[in-house]
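# Coordinate inspection notes
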Amino acid sequence: MNIPNIGLGTFRLKGQQVIDSVTTGLELGYRHIDTAQIYGNEAEVGKAIVDSGIARSEIFITTKIWIDNLSREKLIPSLKESLEKLRLEQVDLTLVHWPSPNVIPITEYMEAIAEAKAQGFTKSIGLSNFTNALFQQAIDVVGAQEIATHQVEIHPFLQNKKVVDFARNKGVHITAYMPLAYGKVMNDPVITKIAERHKYSAAQIALAWSLQQGFAVIPSSTKRFNQELNLQARNIKLSDDEMAEIATLEANDRLANPSIAPEWD
Ligand SMILES: NC(=O)c1ccc[n+]([C@@H]2O[C@H](COP(=O)([O-])OP(=O)(O)OC[C@H]3O[C@@H](n4cnc5c(N)ncnc54)[C@H](OP(=O)(O)O)[C@@H]3O)[C@@H](O)[C@H]2O)c1
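As a starting point, this report considers the structure included with it. (Residues numbered from 1 in each chain as written. Predicted model: local features only at pLDDT ≥ 70, side-chain atom pairs only at ≥ 80, totals over all residues. Heavy atoms only, no water.)

### A closer look at the nonpolar core
We count it as follows: Residues belong to one nonpolar core when they are buried, are Ala, Val, Leu, Ile, Met, Phe, Trp, Tyr or Cys, and are joined through side-chain atoms within 4.5 Å. When accessible area is computed with a 1.4 Å probe and restricted to protein chains, residues below 20% of their type maximum are described as buried, those above 50% as exposed, and intermediate ones as partly exposed. Put simply, DSSP marks the helices as runs of H or I at least four residues long and the strands as runs of E at least two long, and each gets a number from the N terminus on. Here, residues are in contact when the closest pair of their heavy atoms is within 4.5 Å.
V22, L75, Y109, M110, F135 and L238 are the most contacted members of the largest nonpolar core, which has 84 residues in total. Among the elements that make up this core, the one with the highest residue count is helix α8 (residues 202–211) (eight residues). Apart from the residues lying within four places of it in its own chain, the contact partners of L75 are I65, N69, L70, Y109, A112, I113 and A116.

### Topic: helix α1 (residues 15–28)
Selection rule: A helix is expected to span 1.5 Å multiplied by its residue count minus one.
Between its terminal C-alpha atoms α1 stretches 20 Å, which fits the 20 Å expected from 14 residues at 1.5 Å a residue. Residues V18, I19, S21, V22, T24, G25 and L26 constitute the buried set of α1. Where α1 is buried, its residues contact β1 (8–9), β2 (32–34), α2 (42–52) and α9 (224–232). Directly after α1, the chain includes G29, whose backbone phi takes a positive value near 120 degrees.

### What to know about the site of the ligand
For clarity, the threshold we go by: One heavy atom within 4 Å of a molecule or strand is enough for the residue carrying it to be called near that molecule or strand. Here, Shrake-Rupley sampling with a 1.4 Å probe gives the accessible areas, and only protein chains in the shown set may cover a residue. A cavity here means a set of points on a 1 Å grid, drawn over the protein atoms and nothing else, where a 1.4 Å probe fits but cannot get out; a pocket is an open set with protein on both sides within 12 Å along at least five of seven lines, and a residue lines either one if it has an atom within 4 Å of a point. Criterion for pocket placement: a molecule counts as inside a cavity or pocket if more than half of its atoms are within 2 Å of its grid points. Ten residue types, Ala, Val, Leu, Ile, Met, Phe, Trp, Tyr, Cys and Pro, are classed as nonpolar, four, Asp, Glu, Lys and Arg, as charged, and the remainder, Gly among them, as polar.
Near the ligand you find 29 residues, and of these D34, S220, S221, T222 and K223 are the closest. Contact with the protein chains removes 89% of the 910 Å² of surface that the ligand exposes when unbound. Assessed atom by atom at 2 Å from the grid points, the ligand resides in the largest pocket. Looking at side-chain class alone, the shell around the ligand contains 13 nonpolar, twelve polar and four charged residues.

### Side note on the pairing of strand β6 (residues 147–153)
Test applied: At least two bridges found by DSSP between two strands is the condition for calling them paired. By convention, orient the strands away from the viewer: a clockwise path from the first strand over the helix to the second makes the crossover right-handed.
Among the seven residues that make up β6, six are buried, leaving the element largely enclosed by the rest of the structure. Relative to β6, strand β5 (residues 122–128) is paired through three bridges, and the arrangement is parallel. Bridging across to β6, S128 finds its partner in Q151. Where the polypeptide runs from β5 across helix α5 (residues 132–142) and back to β6, its parallel neighbour, the crossover connection is right-handed. Across four bridges, β6 lies against strand β7 (residues 174–177) in parallel orientation. Residue Q151 lies in a different strand from β7, and its bridge partner there is T175.

Laid out in structure tokens, this is it:
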């Protein structure tokens, strides 16, 4: 299955809240769920998927290997633990959550994640939060054709152009995380004006802007209404002028920048 272009994020959501969010999302038609080992919610995501009764083959499920599990000894066992929590035999996509090159060499974890795919624990593999130099090193180990997506922060205020151009050049798909800038897009006058013109909301316009560039988007929401609106972003067609107007909002405004982050491009 190709990566569905609208997925449901689950960062920060725990316990009953994540069960409700995923259950509602699946009811509304989401068929792509994004979790991670570090989110501490894989078991709840798994429960919501099983309880939905939807065929496993219809849902695209991503998890991400946390930095503590990147060594050759830990990567596959940690993925098996994720599968147990998710109640799955295989995930669709496993990402290296953060590159962490100074602790475990890239060669070591790229070989291990490729082995996880070879052994059938994941259908595909990918990267998240890599710089172009680190991305190239990962490509040198497994080949660009093996990298199903590069998941990076992208929204109108951080467009990550260098990383996007590099991935495009290598033929690698991009997934935009935090596509709503964690709610900030709702307060932007340029996006709001375009939204009024289209009779959609600012959040929907921000998602459409990413989708129109060929990215998958994975907004999270705890509200049925917002989840539904976000799915409708597929129906919006922004003009070239509107795309260009939103592009002027670039502000290098990075929201996900923990101490483990690499030196960004
Ligand atoms: N790979 C990585 O390192 C990484 C890092 C960060 C995030 N991610 C992934 O990306 C996903 C998305 O990022 P995120 O959850 O941080 O931020 P986000 O999706 O940009 O924003 C989520 C926020 O926007 C609100 N919202 C959602 N839809 C809305 C709508 N239609 N109208 C108004 N408000 C709306 C939500 O509130 P309500 O709940 O009230 O709707 C929530 O507060 C994460 O859940 C995670 O799966 C990956």
